[in-house]
Amino acid sequence: MNDFSEKTQGDMSFILAEIALENRIITQSVLKKALSDIQIASSKGTALSLVEYLLERNIVDKLTMTRLLAASIRTIDKRFAVLAARHHLVPEVDLVKALDVQKQAFKEGILKSVGDILISEGLLTAEQRNRLMEKLRGLSYDELMTHEAHDTKHSEAHKKENDLKRRISLIVTNNGMRADIHIPGGLGRNPELSEIKALIKDQGLQFGVIGDQDIENHLAKYGGEPLGFVIAFGIHSIPSRDAVVRIFFINDYLNPGKITDHGTIDFKDRGAVPFVKAGVVLAEKIPGIDGKTGSDVFGNPIPVEQANDQPLKSGPGTEISENGLKIVSTMDGQPLMTVHGEVTVMKELHIPGDVDYTTGNIIFNGSIIVKGSINPGFIIKGGNLTAKDVNGGEIDVVGNIEVSGGIINSVLRAGGGVHAMHMAGTKVDAYGDVLVKKAVIDCKIRTSGHFAGDGVHVISSLVSAKKGITAKQIGSDVSRPCTIRSGISDHTEKKIRYFKEEIEEKKVELEKEQKRKEEYTATQKQLHKKIMDLVQAEDRLGQQKRALETQMKNIDCSGELSEHGQKQRQLLREGLLFCENEAGRITQKNEEYFKQQDVLTDYILELQNQCEIYVHEIEKLNEKIKEIKTWDKKTPPLSQVKVLREIFSGTIINGPNTMMILKDTCKNVTLREVRRSDFDSEWEMKIEPN
């Protein structure tokens, strides 16, 4: 820590760096670069703490940083306790208790300072605490330890502590990944294997402990001078590698374009539009690999998340290879990957004039090129769109929207970017960047990309851009204030809300269809019961008929010709006729029931199919929500608004954590959301000159 000799023992960054170095969480070279970068940032007017630097560059993860902060507070407070004892402000026994309370609080995830604990117990005043902290900040480590040695020379408690310092110790790093044996100098005897093994048992070390022979080899080196060696190593978990889909074409190929003498954008010089032939490999999947669980020296497993899969999605004009790892084009055209990961190949549709009543609405699964304008009330749906002007149209494409002129009173939804000369009265939702060359008036723009335009004037509009905003001017003296939202995922949140609303609507329809299906099924069961009743009635009639026929046969065989015999024959004939008529009625009724049953069966099958369609659509919508969330996580936010000329007073500015209403008009500034201090959870919107 020679590089920090000028630092003091109350400096949190100093203590944190000291602990991080001692525990090999960072190296000396990493720390030197961090301090250099922080100093450079400070010279440019940007406040950057060591904690923010290490976290933002993923040098230290959040869990390790929390432990480092806790250890730093603990270290400072131990030195604070030394000063409190030296100045006879708090009895030593109460200081020990306060440190124990703090230790227990840390275990519960609560960061408490010893000073606050002593104040809450009435053992110290806030003024005394503040004076001690000021003294602590002014003492070097050597000064503090010199004072401690002088003031504790006659303390019985510190005599015991000095005795402890002459004992063999086993120290485990905060992350539990390493344990060291420390043997002090002047022990007065040779350390033994049994002592080391007793320490290992007491500390609960169960993994990565070196063998007895290795321990004895280390102990044999002791000659009265301090000795230390590693007694156990943990094994870090090996992180999983998620599946990745690589595409072999440029998906975001657009350049801004140049303004012509006529005041429109020339899209000819936009970069090479990708074009592929049939049979070309467009994308390849590299399967994920699951990681391996690690272990600390206590035998606690260090879990690792399973690798996330990335499915290949083949759209129109493509197919998946036999091995399931490649997407191949099946026709010539322009390749595109949507935000949902679907790879397609699109053909082109050329409209030589305007989109109006002669063309009708345009729905085409490919790139649409309109030489003229899109007139009010007409709808365009497709892959990409290039047009001269859009006046009152509704555009919904999976790719980019490029308009060389203006967009007025329209609704735009793009899976890619939106580029135009000017906009007015228009709503825009885009996944990619939104570039406007001149003016944006009375618009609502939400993008997951960057809103940019070095020459754009934004007036009476809402602009929300996850990747930040760049404009020439925002607002004016006479217009209503603009609302600017930077670094916020308004666009994707709106898309997710829309999909969730659609899911709820489909769930309502699904419930209705399921209820109808249940009603038809119940009716079918009733019909089935009626049919079974008729079948049983028919069986009984058959038995009755056979009995009557037997009686008739018996009379005929007896040769009975009397009047009584004739009457019996007549009654039997009438009975047989009734059975035949009733059987006919039952047969007719059964046929009607069977027809009704067939109709109901068709209805039920139709409803079942419809229910399955709703279920499938709900699953697809949920999958889209998941894809949007995954895509959104991969897109880092930038809470920054850069204005090249003026941003007028009254402008409402939102970041992910802050909101401000600009009091004064500012010129040539950048507004950026930053933390108030190293350890403060509060944020503020900072205004800096460009």
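Right above here is the structure, for reference.
Reading the values: rules and limits
- Counting restarts for each chain: residues are numbered from 1 in the order of the written sequence.
- Given that this is a predicted model, residues contribute local features only at a pLDDT of at least 70 and side-chain atom pairs are listed and counted only at 80 or more, while totals for whole chains, interfaces and linings are drawn from all residues.
- Only heavy atoms go into the side-chain values, all of them from the structure, while hydrogens and water stay out.
- Pairs of strands are assigned from DSSP output, requiring at least two bridges between the strands.
- The helix count covers DSSP runs of H or I at least four residues long, the strand count covers runs of E at least two residues long, and both are numbered beginning at the N terminus.
- Think of each axis as a best-fit line through the C-alpha atoms, taken over the contacting stretch in the case of a helix, with angles from 0 to 180 degrees between the N-to-C directions.
- Each Phe, Tyr or Trp ring (for Trp, its six-membered ring) is paired with any other whose centre lies within 6.5 Å, and the angle between the two planes then decides the class: stacked below 30 degrees, edge-to-face above 60, tilted in between.
- Exposure classes here rest on a 1.4 Å probe applied to the protein chains alone. A residue is buried below 20% of its type maximum, exposed above 50%, and partly exposed in between.
- Pairs of N or O atoms within 3.5 Å make up the polar contacts considered here, provided that, within protein, one atom can donate a hydrogen while the other can accept it, and that residues adjacent in sequence are counted only when both atoms are side-chain atoms.
- The contact rule is simple, with two residues in contact once any of their heavy atoms fall within 4.5 Å.

(A) Just the sheet that holds strand β4 (residues 244-247), in detail. Strand order in the open sheet made by the four strands is β4-β7-β12-β11, with antiparallel pairing throughout. The strands lining the two open edges of the sheet, one partner per strand, are β4 and β11 (318-320). Put simply, the sheet's adjacent strands are angled 20 degrees from each other on average, direction ignored. Pairing between strand β7 (residues 281-286) and strand β12 (residues 326-329): three bridges, direction antiparallel. Across the sheet, residue Val281 finds its bridge partner in β12, namely Val328.

(B) Structural detail: the packing of aromatic side chains. Throughout the structure, instances matching the rule amount to four aromatic pairs. Between Tyr520 and Tyr603, the aromatic rings sit 5.4 Å apart at their centres with planes inclined by 25 degrees, giving stacked as the arrangement. Within this pair, whereas Tyr520 is found in helix α12 (residues 490-558), its partner Tyr603 is found in helix α13 (residues 563-633), the two being separated by 83 residues in sequence. Judged by relative accessible area, Tyr603 falls into the partly exposed class, the value being 40%.

(C) Just the side chain of Thr447, in detail. Tracing the sequence through the fold places Thr447 in strand β30 (residues 444-447). A distance of 3.5 Å separates a polar side-chain atom of Thr447 from the backbone oxygen of Ala430. A polar atom in the side chain of Thr447 sits 2.5 Å from the backbone oxygen of Gly432. Residue contacts for Thr447: discarding those within four places in its chain leaves Ala430, Tyr431, Gly432, Asp433, Val434, Ser464, Ala465, Lys466 and His491.

(D) A look at helix α1 (residues 12-22). Burial analysis of α1 places nine of its eleven residues in the buried class, which makes it a mostly covered element. By the burial criterion, the buried members of α1 are Met12, Phe14, Ile15, Leu16, Ala17, Glu18, Ile19, Ala20 and Leu21. Looking at the buried residues of α1, the elements they touch are α2 (28-43), α3 (50-56) and α4 (62-86). Among the residues trailing α1, Arg24 stands out with phi positive, at a value near 60 degrees.

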